[in-house]
Amino acid sequence: MVTVRTLDDKEALHDLVGRQPLQPFLQSWTWGEFQHVLGRPIWWLGAFDENRLVGSALVIGHELLLRKTYLYCPRGPLADRSEVARTLFVAMRSLGEKENAMYVKVDPGIYHFADDVTQLAGKYTLGTTLQPQQTLVIDTAQSPDDLLASMHPKTRYNIRLAEKKKVTVRWSTELQDLETFLGLMHQTAQRQGIRLHQDQYYRQLFTVLQTAGMAELILGEYNGAVRSAHMIIWHGRTATYLHGGSDDSTKEAMVPYLLQWETIKQAHQRGVKEYDLWGIAPDDEPTHKWAGITRFKRGFSGRQIVFPLSLNAILQPQWYQAYRLAKRMRGGVDE
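Since the structure is predicted, the reported quantities are computational estimates derived from the model, not experimental observations.

What counts, and where the lines are drawn
- Residues numbered from 1 in each chain as written.
- Predicted model: local features only at pLDDT ≥ 70, side-chain atom pairs only at ≥ 80, totals over all residues.
- Heavy atoms only, no water.
- Phe/Tyr/Trp six-rings, centres within 6.5 Å; stacked < 30°, edge-to-face > 60°.
- Lys NZ or Arg CZ within 6 Å of the ring centre and 35° of its normal.
- Buried < 20%, exposed > 50% of the residue type's maximum accessible area, 1.4 Å probe, protein only.
- Helix = DSSP H or I, 4+ residues; strand = E, 2+ residues; numbered from the N terminus.
- Arc of directions from axis to C-beta.
- Contact = heavy atoms within 4.5 Å.
- Polar contact = N/O pair within 3.5 Å; in protein donor to acceptor, adjacent residues only side chain to side chain.
- Core = buried A, V, L, I, M, F, W, Y, C linked by side-chain atoms within 4.5 Å.
- Patch = residues over 30% accessible without salt bridge, like charges linked within 9 Å, V, L, I, M, F, W, Y side chains within 5 Å.
- Areas by Shrake-Rupley, 256 points an atom, 1.4 Å probe, with all protein chains shown as cover.
- Salt bridge = Lys/Arg side-chain N within 4 Å of Asp/Glu carboxyl O.

Trainee: In this structure, what is going on with the packing of aromatic side chains? I would like to understand it.
Mentor: What describes a pair of aromatic rings is the distance from one ring centre to the other and the angle between the planes of the rings. Applying the stated criterion across every chain, the model contains 15 aromatic pairs. Aromatic side chains Y111 and F113 sit 4.9 Å apart centroid to centroid with 20° between the ring planes, which places their arrangement in the stacked category. Ring-pair connections join several aromatic residues into one group, and the members of that group are F25, W31, F34, Y201, Y202 and W278. One residue, R75, lies across the ring of F307, its end atom 3.6 Å from the ring centre. For R270, the ring lying beneath its charged end belongs to W171, and the centroid distance is 5.8 Å.

Following this line, the structure appears as structure tokens:
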């Protein structure tokens, strides 16, 4: 029989995450520490079969207006089998009721078992995902030569062009390079109409994850200045391209292409099996705001992964409907 109780065993969680597809860093112990640094309450739910950890859920509290809250589980719950997932969905709903949350939101991950996670969730309804619904994952266990051959010809051409123009690449964990990265990310966000967190969010993110050996910057320099920078997350057998920014004034140097290629080679060299490009536009939405970055990412090939739909457990229906209405009136995304 599977039972749920507070999880306080970091090593057991590390082993559990390592058994999951893509080893989701959003359910790692370090991600929980980062959320704690942000001042958000967190709960670790562990599902045990006798004394063996077979599932877990990092649940994060978020504040809303009028002192209301919701609980959020990103890319979870983790589960070795369907029975465990079902038990954790019930436990998260019970936690939401105990904490007087307006609702509980879950953006599930992918699983080894074949059962439909939407059916396993029970008293949850479909919601709007906060994480990318689709992504591309590159098999970095392959040789770099084979990976290069599988790329779109234009992508290969742009990589070689960046090398010909003598773009240089370096890895860094220095805070001064993080400030350069933030500046480039702001430029990109302004061009593409993307909303960012405050800079302090990214500083805390990088500091916490870098201290755990999980975050690193890769920077591309051209004509004496950094023109593009990416934040890469290293977690288990998976690397993730989490954030990026570039200077649009030197597009002819194709710096972002070389950064991705060097990251792929670095992942292979480190024995990392998969490189997650972290989010592409849905296939049926050619005007999606990610359409441009999706064309860029698809050039590197990789297999497409579609995550299960987001799920909400509505605990305070009247408040929730009022909240949704207020968000729509302000032009926000419906939850």
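Trainee: Explain helix α1 (residues 10-18) to me, please; I cannot follow it from the model alone.
Mentor: It helps to recall that an α-helix has 3.6 residues per turn; residues three or four apart then point in one direction. By the burial criterion, the buried members of α1 are L13, L16 and V17. The buried residues of α1 occupy an angular sector of 95° when the element is viewed end-on, so they sit on one face. Considering only its buried residues, α1 is in contact with α2 (29-37), β2 (42-49), β3 (52-63), β5 (78-79) and β11 (225-235). Capping the start of α1, D9 holds a side-chain oxygen 3.2 Å from the backbone nitrogen of E11, two or three residues further along.

Trainee: I tried to follow the nonpolar core on my own but got confused; where do I start?
Mentor: Counting residues in hydrophobic clusters, the biggest one holds 35 residues, and the most contacted among them are F25, W31, F181, L205, L209, M231 and I233. Looking at this core, the elements that each hand over two or more residues are α1, α2, β2, β3, α7 (175-192), α8 (199-211), β10 (215-222) and β11. A per-element tally of this core places α8 first, with six residues. If sequence neighbours within four positions are ignored, F25 has contacts with W31, M214, I233, H235, T240, L242 and W278. I159, I232, Y257 and W261 belong to the second largest nonpolar core, which has 30 residues in total.

Trainee: Where do I start with a nonpolar patch on the surface in this structure?
Mentor: On the surface, L65, L66 and W319 cluster together into a nonpolar patch covering about 370 Å² of accessible area. When you line up the elements, L65 lands in the loop between β3 and β4 (69-74). Judged by its relative accessible area of 62%, L65 is exposed.

Trainee: It is not clear to me how unusual backbone geometry should be interpreted in this structure. Could you clarify?
Mentor: For residues other than glycine, phi is negative in most cases, and the peptide bonds are mostly trans. Note the cis peptide between G76 and P77, where omega equals -5°. With respect to the helices and strands, P77 occurs in the loop between β4 and β5. The phi torsion at K166 lies on the positive side, around 65°, for a residue other than glycine. Position of K166 relative to the elements: it lies in the loop between α6 (153-164) and β9 (168-172). On the accessibility criterion, K166 (66% relative accessible area) is exposed.

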